[in-house]
Amino acid sequence: MGLDELKISRAIIERFFHKLTEYLETDVAIVGAGPSGLMAAYKLAKEGFKVAVFERRMSIGGGIWGGGMMFNEIVVQEEGARLLKEIGVKIHQWNGQPYYTADAVEVACLLAAKALEAGAKIFNLIMVEDVMVREERVVGLVLNWTATEMSGLHVDPLALRAKYVVEATGHETAVLNVMQKKLGAKLKTETGLVIGEKSMWAEVAETLTVNYTQEVYPGVFVTGMAANATFGAYRMGPIFGGMLLSGERVAQLIAERLKKEI
Ligand code: 48F
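Residues numbered from 1 in each chain as written. Predicted model: local features only at pLDDT ≥ 70, side-chain atom pairs only at ≥ 80, totals over all residues. Heavy atoms only, no water.

Draft legend 1. Highlighting the sheet that holds strand 5 (residues 97-103). Strand order in the open sheet formed by three strands is 3-5-4, and the pairing between neighbours is antiparallel. The sheet terminates laterally at strand 3 (73-76) and strand 4 (92-94), the two strands that pair on one side only. For this sheet, the mean angle separating the axes of adjacent strands, direction not counted, is 40 degrees. Of the pairings in the sheet, the one linking strand 3 to strand 5 comprises four bridges and is antiparallel in character. (Pairing = 2+ DSSP bridges. Helix = DSSP H or I, 4+ residues; strand = E, 2+ residues; numbered from the N terminus. Axes fitted to C-alpha atoms, helices over the stretch in contact; angles between N-to-C directions.)

See the structure below:
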């Protein structure tokens, strides 16, 4: 049987639009496919919730791939090691001390694989450029192709509805920035604004990532490095336990809410 290019094209187009249409209404829309966003997607999907992840880049994984200064290994502490084991990543204890290393590529791939296997859907090459809001609650996201932004073309976006939005865009806090700019959104921080991250202090930063994982505006939860940046906490560098634990935490918090609503 000869291959027909039109059938190949039709298959892609039909399947993609089926997929996108299916996710125009979700329980949780996660912005950013870094370690915290992917862990949240995995945990929420495993609980049976409908989860879509939107990633601006072509590849998932955010800051995982580069390890520390392009040495593609990451470090986690005991609690983070538990989560890496759960997703099947091989870990190595360093010098008998409570530092565990893992191959950055393996972490990125397995995190995404687990999220997908659990039923989450990842849409890459799509960026979130705005939110949808009703009566001071975020009820959805406004999406566009990353290529549109890159080219500077004037193309209007499309929107989707989500019961909860997760801000997982890392250092950038892209979702909260736009909410601040366009809505004057008052966040649950001391100043009501994104405070911005502080310099490196791994130990404190790792704890704060989890503590600051919370709802910062009605309908919007913050996780990972975005939580530190929002609340003005330190950065931690290439130790990733906090990112994974924060992803797990945000999933727990949202799952509790969603279960109450059923
Ligand atoms: O930065 P990123 O990996 O976030 P994270 O989960 O993890 C932080 C660590 O990688 C590292 C660290 C150490 O522990 O400090 O930096 O907090 O992933 C964020 C993802 O969000 C995407 C971006 O491309 C990246 O993959 N992103 C950013 N802005 C947007 C976006 C946007 N507007 N729409 C969609 N995706």
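Anyway, onward from the coordinates.
Draft legend 2. Structural detail: the site of the ligand. Close to the ligand lie 28 residues, the nearest being Ser 36, Glu 55, Gly 63, Val 128 and Met 225. Between Val 128 and the ligand, the recorded distance is 3.0 Å, taken from a backbone N or O atom to a nitrogen atom. In the environment of the ligand, an oxygen atom lies 3.0 Å from a nitrogen or oxygen atom belonging to the side chain of His 171. Within the complex, 94% of the 730 Å² of free accessible area of the ligand lies under protein. Listing elements by their share of the shell around the ligand, those giving two or more residues are helix 2 (35-46), strand 2 (51-55) and strand 7 (126-134). Ranked by residues supplied to the shell around the ligand, first place goes to strand 7 with three residues. For the shell around the ligand, the residue count by class is 14 nonpolar, 10 polar and four charged. (Near = heavy atom within 4 Å. Polar contact = N/O pair within 3.5 Å; in protein donor to acceptor, adjacent residues only side chain to side chain. Areas by Shrake-Rupley, 256 points an atom, 1.4 Å probe, with all protein chains shown as cover. Nonpolar A, V, L, I, M, F, W, Y, C, P; charged D, E, K, R; others polar.)

Draft legend 3. Fine view of the pattern of salt bridges. Inspection of the entire model under this criterion finds 14 salt bridges. Measuring nitrogen to oxygen at the nearest pair gives 3.5 Å for the salt bridge that ties Lys 43 to Glu 248. Residue Lys 43 is located in helix 2, and its partner Glu 248 is located in helix 9 (residues 241-261); the two are separated by 205 residues in the primary sequence. For the pair Lys 43 and Glu 248, one class covers both residues: buried. Between Glu 117 and Lys 114 there is a salt bridge; the shortest N-O distance is 3.4 Å. Of the two residues, Glu 117 and Lys 114 are both situated in helix 4 (residues 104-118); the distance of three residues between them amounts to about one turn of the helix. (Salt bridge = Lys/Arg side-chain N within 4 Å of Asp/Glu carboxyl O. Buried < 20%, exposed > 50% of the residue type's maximum accessible area, 1.4 Å probe, protein only.)

Draft legend 4. Expanded view of the environment of Phe 17. Relative to the elements of secondary structure, Phe 17 occurs in helix 1 (residues 5-22). A residue is classified by how much of its surface remains accessible, and Phe 17, at 48% relative accessible area, is partly exposed. The spatial distance from the C-alpha of Phe 17 to the C-alpha of Gly 152 is 24 Å, given a sequence separation of 135 residues.

Draft legend 5. Just the side chain of Thr 101, in detail. If you trace the backbone, Thr 101 turns up in strand 5. Residues contacting Thr 101, with those up to four places away along its chain left out, are Glu 73, Ile 74, Val 75, Lys 90, Ile 91 and His 92. (Contact = heavy atoms within 4.5 Å.)

Draft legend 6. Geometry of a nonpolar patch on the surface. On the surface, Met 1, Leu 3, Ile 8 and Ile 12 cluster together to form a nonpolar patch covering roughly 550 Å² of accessible area. Examined against the element boundaries, Ile 12 turns out to sit in helix 1. (Patch = residues over 30% accessible without salt bridge, like charges linked within 9 Å, V, L, I, M, F, W, Y side chains within 5 Å.)

Draft legend 7. The arrangement of helix 4 in detail. With 15 residues, helix 4 extends 21 Å between its outermost C-alpha atoms, agreeing within 8% with the 21 Å of an ideal straight helix rising 1.5 Å per residue. Among all positions of helix 4, only Ala 104, Glu 106, Val 107, Ala 108, Leu 111, Ala 112 and Ala 115 are buried. The secondary structure elements touched by the buried residues of helix 4 are helix 2, strand 3, helix 3 (78-86), strand 5, strand 6 (121-124) and helix 9. Once helix 4 finishes, Gly 119 follows within two positions and takes phi at roughly 115 degrees, a positive value. (Expected span 1.5 Å × (residues − 1).)

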